[in-house]
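Structural description and commentary
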Amino acid sequence: MSEAASTRSTASTRSTEPHTGPAAPSPALLPSLIPLLREWLPRQRWFAGKGRPITDISLISATELLPMGSAAGPGLLHLLVRVQQPVPSAQAPPVADCYQLLIGVRTTLPVPLAPALIGHVQDGPLAGRTVYEALQDPRLAELLLERLRTPGTPGTLRFQRVPAVPLPTGLNPRMLTTEQSNSSLVYGDAYILKVFRRIHPGLNPDLELPLALARKGCGRVPAPVAWFEAANTEDQQEPYTLGVLQPFLYGSDDGWQRALRSLRAGDDFTTEAWALGRATAEVHTALADALPTTTLGEQQTELLAAAMTERLDAAAQAVPSLVPYVPALRTAFDAVAALGRAGREWSAQRVHGDLHLGQALRAPDGEWSVIDFEGEPARPLTERRRPQPVVRDVAGMLRSFDYAARSCEPWAPRWAERCRAAFCEGYAHASGSDPREEPELLRAYETDKAIYEVLYEARHRPDWLPVPLAAVHRLAAEAKPVPAPSPVAPRAEKRDVKPDVDPPPAAGPEAGSTAGTGT
């Protein structure tokens, strides 16, 4: 029997289903770990609550993927914990986030695993043991792949895979260091496992959308090979997606780094940008074929513009340097609302949600792939799964070209302009529709994205703040008074009309993330 075949599990006390598996870990387990987790969690890159105290940690579920009774070898403990923290506003309720933890247990921690240390347990069932980040332990990382290779339901966990895809043994794991909101393991340069850290109930788009695209035969996105999830005892229809295994695109270049190399060398990037625009359009077309679409009418457009305006006002309160631009920036959102009142409708569908150069990989043959469909992790999952206009993704990529151009000295505005135009031309070639034909909506999404970038940089990377502020200056200078529009006939829909949707969330940060399936 393999190590992965023996497991134990327990659900939180809210569970209404009796535990029928092996003996559950002791109820004293989490209390013995809490003092260590209070210190360790805020130091992790993926922990969302930095700068705020942890007021409580409670257990959602616990599963022993490898029993901890042996003193000779490691144990592997899977935890879902709820971490409660206060928020800055005294009127707002405390925030309670769910996190996935994979904890290794050893009597003595080997020297190579010293950076993975969580701490030494003083009491409880693990008294005298050392606990650590299990993903940094090759032996435990191999065990996780073994669980994905042999589907099953250990306790509250469920491991699944695509039967037609072989998963060979003997793939050496290594943990990537570029992740920020999640953790990723590469197995033998053949597969990559993304382990989600901040967990929400419901199907994660980073599993849902690649599966849908695979069914449509879209080769622009690596198709999931295996995945695992946890039962949600509060809503059985909304399980927790925990991790996704996909092919690792060995030898591919990250779009962000490739763009920066082009800028430093003074090379033209328009051919790359055109091809990336074509690839983006192909993904959008496949998503529209695979999943429901809808339209944004007057009410939805009003809500969309109001949400963007609200984000602008909130950002200006947090970043004083944004205040002088507020009146001009608001006209972008007013223009969209005015068109909606005049009868303009826009198609909406599932999109990437956080598209930028760091989410694209170029293969040696010049073809582009798109990765990381999770959307902006800080947003609620229900928002990230809503249909949205495709210009949301287009605006994100256009901002990314501008970001790259302003990240190098000397600044290359013409490089960015040429790339932005080439991307739209490539998109139009594949889709039959140029995003620039919707100037009001595109400008609104670009403005909304730039505002989010200002807030993100002010909070996390103040040295980068001039980059989005330069875009804010440009967008404000382009502002025009919003006339009272004449009624316009709604545009004919190319796709089936579905029920209306709520407005989409703000775009994510332009950090040039290389998380995903590239090198």
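Look above for the structure.
1. Points about the nonpolar core
As a rule of thumb, nonpolar side chains are buried together in soluble globular proteins. Counting 76 residues, the largest nonpolar core has Leu322, Phe401 and Trp415 as its most contacted members. The contacts of Leu322, once residues within four sequence positions are left out, are Leu312, Ala315, Ala316, Leu329, Ile451, Val454 and Val472. One finds Leu66, Tyr191, Phe196 and Phe228 within the second-largest nonpolar core, a separate group that totals 40 residues.

2. Points about helix H9 (residues 391–406)
Since one α-helical turn is 3.6 residues long, residues separated by three or four positions face the same way. Over its 16 residues, H9 extends 22 Å from the first C-alpha to the last, a length consistent with the 22 Å expected when each residue adds 1.5 Å. Buried residues dominate H9, accounting for 15 of its 16 residues.

3. Let's talk about the sheet that holds strand E14 (residues 253–254)
Strands sit in the order E14-E17-E18 across an open sheet of three strands; the sheet is antiparallel. Each having just a single partner strand, E14 and strand E18 (368–370) make up the two edges of the open sheet. Judged from the three bridges that link them, strand E17 (residues 360–362) and E18 form a sheet pairing that is antiparallel. By the bridge assignment, Arg362 is partnered in E18 with Trp368.

4. Digging into helix H2 (residues 138–149)
Here H2 spans 16 Å end to end across 12 residues, near enough to the 16 Å set by a 1.5 Å rise per residue. Every buried residue of H2 is accounted for by Leu140, Ala141, Leu143, Leu144, Leu145, Arg147, Leu148 and Arg149. Its side-chain oxygen 3.0 Å from the backbone nitrogen of Arg139, Asp137 forms the N-cap of H2.

5. Some remarks on unusual backbone geometry
Cis geometry marks the peptide bond from Glu409 to Pro410, where omega comes out at -5°. One non-glycine residue with positive phi stands out, namely Asp189, at about 60°. Structurally, Asp189 can be placed in the loop between strand E9 (182–187) and strand E10 (191–196). The phi dihedral of Asp372 falls on the positive side, at around 60°, and the residue is not glycine.

6. Describing the packing of helix H6 (residues 298–318) against helix H11 (residues 439–460)
Packed helix pairs are specified by the crossing angle of their axes together with the interaxial distance, meaning the distance between the axes. Their axes nearest at 10 Å, the elements H6 and H11 cross at an angle of 30°. One way to sum up the angle between H6 and H11 is to call them roughly parallel. For the pair H6 and H11, the crossing hand works out as left-handed. Note on element contacts: H11 touches H6 through Leu441, Ala444, Tyr445, Asp448, Ile451 and Leu455, opposite Leu304, Met308, Arg311, Leu312, Ala315 and Ala318. Among the residues making up the contact of H6 with H11, the classes are represented as 10 nonpolar, no polar and two charged.

7. With respect to the sheet that holds strand E12 (residues 226–230)
The strand order across the open sheet built from six strands is E7-E12-E13-E10-E9-E8, with neighbouring strands paired in antiparallel fashion. Sheet topology places strand E7 (157–161) and strand E8 (173–175) at the edges, where each strand pairs with a single neighbour. Put simply, the sheet's adjacent strands are angled 20° from each other on average, direction ignored. Summarising the sheet, E7 and E12 pair through five bridges and their orientation is antiparallel. The residue of E12 that forms the bridge with Leu157 is Ala230. The strands touched by H2 within the sheet are E7, E8, E9, E10, E12 and strand E13 (240–247), with E7 carrying the most contacts at an inclination of about 70°. Taken strand by strand, helix H3 (residues 205–215) contacts E10, E12 and E13, and its axis lies near 45° from that of E13.

Here is what the cut-offs are and how they apply
Residues numbered from 1 in each chain as written. Predicted model: local features only at pLDDT ≥ 70, side-chain atom pairs only at ≥ 80, totals over all residues. Heavy atoms only, no water. Core = buried A, V, L, I, M, F, W, Y, C linked by side-chain atoms within 4.5 Å. Buried < 20%, exposed > 50% of the residue type's maximum accessible area, 1.4 Å probe, protein only. Contact = heavy atoms within 4.5 Å. Helix = DSSP H or I, 4+ residues; strand = E, 2+ residues; numbered from the N terminus. Expected span 1.5 Å × (residues − 1). Pairing = 2+ DSSP bridges. Polar contact = N/O pair within 3.5 Å; in protein donor to acceptor, adjacent residues only side chain to side chain. Axes fitted to C-alpha atoms, helices over the stretch in contact; angles between N-to-C directions. Parallel < 35°, antiparallel > 145°, perpendicular 65-115°, else oblique. Left-handed = near helix turned anticlockwise from the far one by under 90°. Nonpolar A, V, L, I, M, F, W, Y, C, P; charged D, E, K, R; others polar.

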